[in-house]
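Per-entry structural report
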Amino acid sequence: MRLGMITPSSNSVLEPVTSAMLHGVADVTAHFSRFRVTEIALDAAALSQFDASAMLPAADLLADAKVDAIAWNGTSASWLGIDRDRSLCEAITARTGKPATTSTLACIDAARALGSKRVGLVSPYTDDVQRRIADVWATEGIAPHAERHLGLRDNFSFGQVTPAAIADMIRAVAAEGADAAIVLCTNLDGAALAASLERELNVAVLDSVAVTLWRTLELAGGDIAALAQWGRIFQTSAIIK
């Protein structure tokens, strides 16, 4: 089974983390195709990075490897609007014949599958991007109950944030009553923290990289339980509408 991941060019986290998660999982491999993304902001130049005309050729290249499902392994629809990702997935499937998802859609699916009512949003983003995300997620009925963010714009810098700093943000939203902490950025290295912090805090920890793998693997017909050591989401099927 082959899983295709469309990857932001300056992301240094999602590929090694996804590969590490799949280590020891029989007959499942991940394959990556990049397009240029260097910063996260709300100005026109930054927003234009995520035009479908740049992303769909990356999907075409993954299809050449005969992958079984394709994910846009990024969270851009969280500030651009969820329908952007729904349209992107439809276009990917129309072009490749493969089921598709995205990190944002997977995080929403995961929160709903776990019945989370008080989501804590953890990200590296700037104040205005974080506010936009809260507004966009509210349109899906998932208004953040608590949040922490780092005020960063340069995408490469996200990958330099330490696991300790990420864990502190997760603990902070849990302390404010969140029942699920969503690490919303596929260039934050939080996947390995999920299982231990779930035990410590008794909240779900939904790392974007891990949750994207969860949803893509399930779309491809794989066994998500093979990754149960990475967090409680891997014991839960997505809610299919």
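Look up: the structure comes first, before these words.
In this report, the structure presented in the accompanying data block is examined. In this text the structure is predicted, and so the values were computed from the model without any measurement.

Our focus in this paragraph is the pairing of strand 1 (residues 2-8). The buried fraction of strand 1 is high, at 6 of 7 residues. Here strand 1 runs beside strand 2 (residues 29-35); their pairing, made up of 7 bridges, is parallel. Across the sheet, the residue bridging to Thr7 is Arg34, located in strand 2. Chirality of the crossover, the property in question, places the unit of strand 1, helix 1 (residues 14-22) and strand 2 among those that are right-handed. As paired strands, strand 1 and strand 3 (residues 69-72) are joined by 4 bridges and run parallel to one another. Directly across from Leu3, in strand 3, lies its bridge partner Ala69.

Turning next to the sheet that holds strand 4 (residues 100-102). Pairing in this open sheet of 4 strands is parallel, and the strands run 2-1-3-4 from one edge to the other. In this open sheet, the two strands that pair with only one neighbour each are strand 2 and strand 4. Each neighbouring strand pair of the sheet contributes to a mean axis angle of 25°, computed without reference to strand direction. Together, strand 1, strand 2 and strand 3 form the strand contacts of helix 3 (residues 52-64), whose direction differs from that of strand 2 by roughly 145°. On the sheet, helix 5 (residues 82-96) packs against strand 1, strand 3 and strand 4 and is oriented at approximately 150° with respect to strand 4.

Right, let's get into the pattern of salt bridges. Counting across every chain of the model gives 13 salt bridges. We note a salt bridge from Glu140 to Arg86, for which the minimum N-O separation is 2.9 Å. You can see Glu140 sitting in the loop between helix 7 (127-138) and strand 6 (146-149) and its partner Arg86 sitting in helix 5, a full 54 residues away along the chain. Judged by relative accessible area, Glu140 falls into the buried class, the value being 16%. Linked by salt bridges that have partners in common, Asp83, Arg86, Arg112 and Glu140 make up one network.

Moving on to the nonpolar core. If you look at the biggest cluster of nonpolar residues, it comprises 82 residues, and the most contacted ones within it are Ile6, Met21, Leu227 and Phe234. The residues touching Ile6, leaving out its near neighbours within four places in the chain, are Ser33, Phe35, Met55, Ala58, Ala59, Leu62, Ile70, Ala71, Trp72, Asn73 and Ile92.

Another aspect to go through is helix 5. End to end, helix 5 covers 21 Å across 15 residues, agreeing with the expected 21 Å (1.5 Å per residue, within 8%). For helix 5, the set of buried residues is Ile82, Asp85, Leu88, Cys89, Ile92 and Thr96. For helix 5, the buried positions fall inside an angular range of 115° around the axis, keeping them on one side. The exposed set on the far side of helix 5, more than 90 degrees from its buried face, consists of Asp83, Glu90 and Ala94.

The topology assignment puts Gln130 in helix 7. Taking relative accessible area as the criterion, Gln130 reaches 4% and is therefore assigned buried. A distance of 2.9 Å separates a polar atom in the side chain of Gln130 from a polar atom in the side chain of Glu147. If we ignore the near neighbours within four places in the chain, the residues touching Gln130 are Leu121, Ser123, Tyr125, Glu147, Arg148 and His149.

This part covers helix 6 (residues 103-113). Burial analysis of helix 6 places 10 of its 11 residues in the buried class, which makes it a mostly covered element. Among all positions in helix 6, only Ser103, Thr104, Leu105, Ala106, Cys107, Ile108, Asp109, Ala110, Ala111 and Ala113 are buried. Directly beyond the C-terminal end of helix 6, a positive phi value near 70° is found at Gly115.

A few words on the environment of Phe158. Along the chain, the position of Phe158 falls in helix 8 (residues 155-158). Phe158 sits in the buried class, given a relative accessible area of 0%. Sequence spacing of Phe158 and Pro124 is 34 residues, and the spatial spacing of their C-alpha atoms is 6.2 Å.

Definitions and cut-offs
Residues numbered from 1 in each chain as written. Predicted model: local features only at pLDDT ≥ 70, side-chain atom pairs only at ≥ 80, totals over all residues. Heavy atoms only, no water. Buried < 20%, exposed > 50% of the residue type's maximum accessible area, 1.4 Å probe, protein only. Helix = DSSP H or I, 4+ residues; strand = E, 2+ residues; numbered from the N terminus. Pairing = 2+ DSSP bridges. Right-handed = clockwise from strand over helix to strand, strands pointing away. Axes fitted to C-alpha atoms, helices over the stretch in contact; angles between N-to-C directions. Contact = heavy atoms within 4.5 Å. Salt bridge = Lys/Arg side-chain N within 4 Å of Asp/Glu carboxyl O. Core = buried A, V, L, I, M, F, W, Y, C linked by side-chain atoms within 4.5 Å. Expected span 1.5 Å × (residues − 1). Arc of directions from axis to C-beta. Polar contact = N/O pair within 3.5 Å; in protein donor to acceptor, adjacent residues only side chain to side chain.

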